[in-house]
Amino acid sequence: QQQVRQSPQSLTVWEGETAILNCSYEDSTFNYFPWYQQFPGEGPALLISISSVSDKKEDGRFTIFFNKREKKLSLHITDSQPGDSATYFCAASGRGGSAKLIFGEGTKLTVSS
Amino acid sequence: GGIITQTPKFLIGQEGQKLTLKCQQNFNHDTMYWYRQDSGKGLRLIYYSITENDLQKGDLSEGYDASREKKSSFSLTVTSAQKNEMAVFLCASSINWGYEQYFGPGTRLTVL
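Calculation criteria
Residues numbered from 1 in each chain as written. Chains lettered and ligands numbered in written order. Predicted model: local features only at pLDDT ≥ 70, side-chain atom pairs only at ≥ 80, totals over all residues. Heavy atoms only, no water. Phe/Tyr/Trp six-rings, centres within 6.5 Å; stacked < 30°, edge-to-face > 60°. Buried < 20%, exposed > 50% of the residue type's maximum accessible area, 1.4 Å probe, protein only. Contact = heavy atoms within 4.5 Å. Buried area = accessible area lost by both parts, 1.4 Å probe. Salt bridge = Lys/Arg side-chain N within 4 Å of Asp/Glu carboxyl O. Polar contact = N/O pair within 3.5 Å; in protein donor to acceptor, adjacent residues only side chain to side chain. Helix = DSSP H or I, 4+ residues; strand = E, 2+ residues; numbered from the N terminus. Nonpolar A, V, L, I, M, F, W, Y, C, P; charged D, E, K, R; others polar.

1. A few points about the packing of aromatic side chains
Here is step 1: This model, assessed by the stated rule, comprises 14 aromatic pairs over all chains.
Here is step 2: Residues Y25(A) and F33(A) carry aromatic rings whose centres are separated by 4.8 Å and whose planes lie at 45° to one another, so their mutual orientation is tilted. Just as Y25(A) is buried, F33(A) falls in that class too.
Here is step 3: One aromatic cluster is present, built from ring pairs that chain together Y36(A), F103(A), Y33(B), Y35(B), Y48(B), W97(B) and F103(B).

Written out as structure tokens, the structure is:
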């Protein structure tokens, strides 16, 4: 069964620290990995994504590190802010006919000031 | 830019009742999706429609029907509401199958 796993389930960091959210997958045909950010009462919003041809993708304070051999990726949020407090979902898909997105169960991030 | 509108925001029904959730998008996207999000869980795909005249079952289609009335709208029907399917139902769209998905704010379903 295709699965995407995330850890930890919840994470608390202090303002200014780096939060590290982990994700792993099983299906070696997955080649597209978006991360979604969800605030309470809202739908998920695409935050940043990476394809399997890259090992790193950066967008401001958000960076994805991707290890294809180990089928693992991580989202690093540097200089964490209270406004980053949200649930973050890792997802994965192949392309073409296998392009269905498989979501992990999410990591709830709390940034304390 | 565009927006996805889901109605109603909150839906309360009785066990066994047939309930309909509606979704509209003005992105002019071809593909639309319905997901279910249980509390503290990830999203599971119920139905999707790649183009206006298409309808495909996802992983969780049992107990649900869907209808793509036109390119901009996609409805989901809970055929017989059960207490164990109280969740948030999320609609999404993408320019085409396999491309980035944009989500609506969700409909929270409560079954009494």
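2. Section: the interface of chain B and chain A
Here is step 1: Between chain B and chain A, the contact holds 17 residues from the first and 19 residues from the second.
Here is step 2: Contact between chain B and chain A buries roughly 1400 Å² in total, counting both sides, with carbon and sulfur atoms accounting for 52%.
Here is step 3: Across the chain B-chain A interface, the total number found is 2 salt bridges.
Here is step 4: E105(A) is the partner of K41(B) in a salt bridge, and the nearest nitrogen-oxygen pair spans 3.8 Å.
Here is step 5: Summed over the shared surface of chain B and chain A, the result is 3 residue pairs in polar contact (both at pLDDT 80 or more).
Here is step 6: For the side of chain B that touches chain A, the elements supplying multiple residues, two or more each, are β4 (31–37) and β5 (43–49) of chain B.
Here is step 7: Looking at the side of chain B that touches chain A residue by residue, the class counts come to 7 nonpolar, 6 polar and 4 charged.

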